[in-house]
Amino acid sequence: MRIVMLIENTAVSQKLLVEHGMSVYIENGDSRCLFGTGSSTKLINNAKRMKLYPENIDAAIIPHNHLSYTGGIDNLLQVNPKMKIFALNAADCSPYRKKGLLSAPVGDLADRIKKNRDNFVLFNSFQQVSEGFFLLKDEIGDKSFYVTDKSYKIKTGAEYVNDELEHECFGVIFPFENRNRGCVILGGCAHCGLPNMIRTVYKNWGSVPVLAILTGLHFMGDSSKKITVEGAYIDKLAKEIKELNVGAIYTCHCTGLKGYEELREKLGNQLQYLQTGEELNF
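Residues numbered from 1 in each chain as written. Predicted model: local features only at pLDDT ≥ 70, side-chain atom pairs only at ≥ 80, totals over all residues. Heavy atoms only, no water.

K.L.:
Looking at this structure, I do not really get the sheet that holds strand S8 (residues 120-123). What am I missing?
P.N.:
The strands making up a sheet associate through backbone hydrogen bonding, with each pair oriented either parallel or antiparallel. Pairing is mixed across the open sheet formed by 7 strands, whose spatial order is S8-S5-S4-S3-S2-S1-S18. Whereas interior strands pair on both sides, the edge strands pair on one side only; in this sheet they are S8 and strand S18 (279-281). Geometrically, the sheet is characterised by an average inter-axis angle of 20° between neighbouring strands, direction not taken into account. Bridge count between strand S5 (residues 84-88) and S8: 4 bridges; the pairing is parallel. Bridging from a neighbouring strand, Ile 85 pairs with Phe 120 of S8. In the packing of helix H1 (residues 42-49) onto the sheet, contacts are made with strand S1 (2-7), strand S2 (23-28) and strand S3 (31-35), and the angle to S1 comes to roughly 130°. (Pairing = 2+ DSSP bridges. Helix = DSSP H or I, 4+ residues; strand = E, 2+ residues; numbered from the N terminus. Axes fitted to C-alpha atoms, helices over the stretch in contact; angles between N-to-C directions. Contact = heavy atoms within 4.5 Å.)

Here you go:
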């Protein structure tokens, strides 16, 4: 299995474009998928530079309905009109960020589902994408690990209700024919909390080894030098990760550099940062 970071907030080379968004290329057997489509068309430029051609993509997964993951959909469908797009049914919604009297949309997937309904595969909680590749949502619900913001809302008619991020899913890939050899977890912002994601995998597949995890952690504030979670949360998260006995954790995008540095102080080399242009092989 091959995993390539197509785009995130930083890059290993100035020849590659960056943005506040995320898209990961996944090649597993005969399947070629994208996890997220970034926030613009930039991933297509990066993909071509890395000789990963969008017309060969079988499917794209939308981890949740925020602009950081949906921006490349329209252009991808222009070059690959048969591409399937997987998302939770709950992602067919209108998320906003509301502060005081001001509000702004932070997700546009509902419009794209309406426009390209035949391309979308919407599911309730569990979905197979291809051989050894599954999507699911948090089944644990330990809210002490949730990373969200009260300013996130869902617009229903003229009203705004709290966005509990029910439209968030994550991926589990088994890179080997013998699934007992382990899996890799893929996440977007991990709003539901990384320990909940790991425990959901154990709930579904028993004591299968978690070889690696690739996910953002939503620690970033208004800039990569600011952090939105408290030190106590990072301490608790690091302690839980150590107890859960997982492999390497590769983070990116919304974790932010400051958040990455603080968590790495607790986890050491178990935590790595995966930049645009870097890849993992299993």
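K.L.:
What's the story with the sheet that holds strand S16 (residues 248-251) in this structure? I'm lost.
P.N.:
Spatially, S9-S10-S13-S14-S15-S16-S17 is the arrangement adopted by the 7 strands of the open sheet, whose pairing is mixed. Edge strands, defined here as strands with exactly one partner in the open sheet, are strand S9 (126-130) and strand S17 (271-273). On average, each strand axis in the sheet is tilted by 20° relative to the strand beside it, whichever way the strands run. Set on the sheet, helix H7 (residues 257-267) makes contact with S16 and S17; between it and S17 the angle comes to about 155°.

K.L.:
Explain the packing of aromatic side chains to me, please; I cannot follow it from the model alone.
P.N.:
Any two aromatic rings considered together are summarised by their centre-to-centre distance and by the angle between their planes. Counted by the stated rule, this structure contains 8 aromatic pairs. With centroids separated by 6.2 Å and ring planes inclined at 80°, the aromatic side chains of Phe 134 and Phe 174 adopt a geometry described as edge-to-face. Note that Phe 134 is positioned in strand S10 (residues 133-136) and Phe 174 in the loop between strand S13 (170-173) and strand S14 (183-186), a separation of 40 residues in sequence. Like Phe 134, the residue Phe 174 is buried in the burial classification. Ring geometry for Phe 174 and Trp 205: centres 5.3 Å apart, planes at 65°, overall edge-to-face. Highlighted residues: Phe 174 in the loop between S13 and S14 and Trp 205 in helix H5 (residues 194-205), separated in sequence by 31 residues. Classification of Phe 174 by relative accessible area gives buried; the value is 4%. Linked through ring pairs, Phe 126, Phe 134, Phe 174 and Trp 205 together constitute an aromatic cluster. The cationic tip of Arg 97 hangs over the ring face of Tyr 152; the distance from NZ or CZ to the ring centre is 4.9 Å. Here the basic side chain of Arg 179 rests over the ring of Phe 174, its NZ or CZ set 5.4 Å away from the ring centre. (Phe/Tyr/Trp six-rings, centres within 6.5 Å; stacked < 30°, edge-to-face > 60°. Buried < 20%, exposed > 50% of the residue type's maximum accessible area, 1.4 Å probe, protein only. Lys NZ or Arg CZ within 6 Å of the ring centre and 35° of its normal.)

K.L.:
What is the right way to look at the layout of surface pockets in this model?
P.N.:
Leftover empty space is mapped by rolling, across the atoms, a probe with the size of a water molecule. Volume-wise, the largest pocket comes out at about 580 Å³. Lining the largest pocket are 27 residues, with His 20, Arg 97, Tyr 152, His 218 and Met 220 positioned closest to its centre. Looking at the lining of the largest pocket element by element, the count peaks at 3 residues for helix H2 (residues 67-70). Classifying every residue of the lining of the largest pocket gives 11 nonpolar, 11 polar and 5 charged. Lys 137, Asp 138, Lys 143, Tyr 146, Thr 148, Glu 164, Leu 165, Glu 166, Glu 168, His 191 and Cys 192 together form the lining of the second largest pocket. A per-class count over the lining of the second largest pocket returns 3 nonpolar, 2 polar and 6 charged. (1 Å grid on protein atoms, 1.4 Å probe; cavity = no way out; pocket = protein on both sides within 12 Å on 5 of 7 lines; lining within 4 Å. Points joined across faces, edges and corners; volume = space filled by probe spheres on them. Nonpolar A, V, L, I, M, F, W, Y, C, P; charged D, E, K, R; others polar.)

K.L.:
How do you make sense of unusual backbone geometry when you look at a structure like this?
P.N.:
Peptide bonds are mostly trans, and most non-glycine residues show a negative phi. With a phi angle near 60°, Lys 51 is a residue other than glycine that sits in the positive phi range. Position of Lys 51 among the secondary structure elements: in the loop between H1 and strand S4 (59-61). Of note in this structure, Asn 245 is not a glycine but carries a positive phi near 60°. Inspection of the secondary structure puts Asn 245 in the loop between helix H6 (231-244) and S16.

K.L.:
Is there a simple way to explain the side chain of Asn 46 in this structure?
P.N.:
Looking at the secondary structure, you find Asn 46 in helix H1. On the basis of relative accessibility, which here comes to 1%, the residue Asn 46 falls in the buried class. If sequence neighbours within four positions are ignored, Asn 46 has contacts with Leu 6, Ile 7, Leu 16, Leu 17 and Thr 276.

K.L.:
I tried to follow H6 on my own but got confused; where do I start?
P.N.:
Every α-helix winds through 3.6 residues per turn, so residues three or four apart in the chain are directed the same way. Here H6 is 14 residues long and its end C-alpha atoms lie 20 Å apart, about the 20 Å a rise of 1.5 Å per residue gives. Just downstream of H6 lies Asn 245, where phi reads positive at about 60°. (Expected span 1.5 Å × (residues − 1).)

K.L.:
Any chance you could explain the nonpolar core here in plain terms?
P.N.:
With 54 residues, the main nonpolar core has Ile 61 and Leu 214 as its most contacted residues. At 5 residues, the largest contribution of residues to this core is made by S1. With residues up to four places along the chain from it excluded, the contact list for Ile 61 reads Cys 33, Leu 34, Phe 35, Gly 36, Phe 86, Val 129, Phe 133, Leu 135 and Cys 169. Listed in part, the 34 residues of the second largest apolar core include Phe 134, Leu 136, Ile 198 and Leu 263. (Core = buried A, V, L, I, M, F, W, Y, C linked by side-chain atoms within 4.5 Å.)

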